[in-house]
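Breakdown of the fold
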Amino acid sequence: MLNEDGTLAREGALDRVPEAFVPVVDAARARIGEVFGPARLHSAYLYGSIPRGTATPGVSDLDLLVVLREEPTDADRDAVADLEAELDRRFPQIDGAGVLLVGVRAVMSELERHDLGFFVACLCTPLLGDDLAGRLPRYRPTSLLARETNGDLALLLPRWRQRVAEATTDAERGRLGRRVGRRLVRTGFTLAMPRWGDWTSDLEEMAEVFGGYYPRRAAQMRTAVAVGRGGAEGADPAALGTLIDDLGPWLAAEYRAVHGVKAPRP
């Protein structure tokens, strides 16, 4: 959705959180404040299906971003892992909790301006602390935004192949499939996003937008949606193999030709 000036509007809001997830969000807010305290915590955010109002109890996960005043330490990462396990254990309405942990300097850096900065400004809902969105640009659906958000797919493909080879159970393949499917759909969408001229985070709509510009790959992208949503295809090595070894390399090459490659990270 666009603002009146043509910039991308922020998606999600706390008043859109479905009733079943309100206790989860309240507990997450309280526990993040307790774990890090005002001296270390700059801000915290909610993102994903819960603040968009589309979450399904027992299926959706809880996605959080925690921004610290200084760079995270190993102890901070251990504390986050404990927090994820605690929230997952306490609340059956979520299928796992995931907490991204970063320092404020990284969010505000020039290198992350059109990736992590965009993520905070447009895809995250403020939960605690001072919202960094006011210090970030107003973003537009440009080729630069496409490149910096998803222009690194080629780096992921070898890692995915290794993890598929190492997976021994359907559960392991299913978890990997959700990551692979969602990332491929997002990459396909942002490939077409500047021509479409807007943003969405809905996987089906992303695939539909992509398919309008690349109809020959539309069926594969619909498979990626099913895999990304945790469908049975996600545990099928053949389906995963097709996405990683066929759709993935084509998508990476087309992305490089259209938008270029994401700036290298340290």
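Reference entry: report on the structure contained in this document.

1. So, helix α1 (residues 22-40)
The terminal C-alpha atoms of α1, which comprises 19 residues, lie 25 Å apart, in line with the 27 Å expected from a rise of 1.5 Å per residue. Its axis deflected by about 60° at E34, α1 carries its strongest bend there, up to four residues before the proline P38. Turning to α1, its buried residues are V24, V25, A27, A28, I32, F36 and G37. Tucked into the core, α1 has its buried residues touching β1 (41-47), α2 (49-52), β2 (62-68), α3 (74-90), β3 (97-103) and β4 (124-129).

2. A closer look at the sheet that holds β4
With respect to topology, 4 strands assemble into an open sheet ordered β3-β2-β1-β4, the strand pairing being mixed. Each of the sheet's edge strands pairs with one partner strand only, and the pair in question is β3 and β4. Strand-to-strand twist across the sheet, computed as the mean angle between neighbouring axes with direction ignored, equals 25°. Examined bridge by bridge, β1 and β2 share 6 bridges and lie antiparallel to one another. Within the sheet, the bridge partner assigned to Y45 lies in β2 and is L65. Lying over the sheet, α3 contacts β2 and β3, oriented at roughly 155° with respect to β3.

Basis of the calculations
- Residues numbered from 1 in each chain as written.
- Predicted model: local features only at pLDDT ≥ 70, side-chain atom pairs only at ≥ 80, totals over all residues.
- Heavy atoms only, no water.
- Helix = DSSP H or I, 4+ residues; strand = E, 2+ residues; numbered from the N terminus.
- Expected span 1.5 Å × (residues − 1).
- Bend = angle between axes of the 7 residues up to and from the residue.
- Buried < 20%, exposed > 50% of the residue type's maximum accessible area, 1.4 Å probe, protein only.
- Contact = heavy atoms within 4.5 Å.
- Pairing = 2+ DSSP bridges.
- Axes fitted to C-alpha atoms, helices over the stretch in contact; angles between N-to-C directions.

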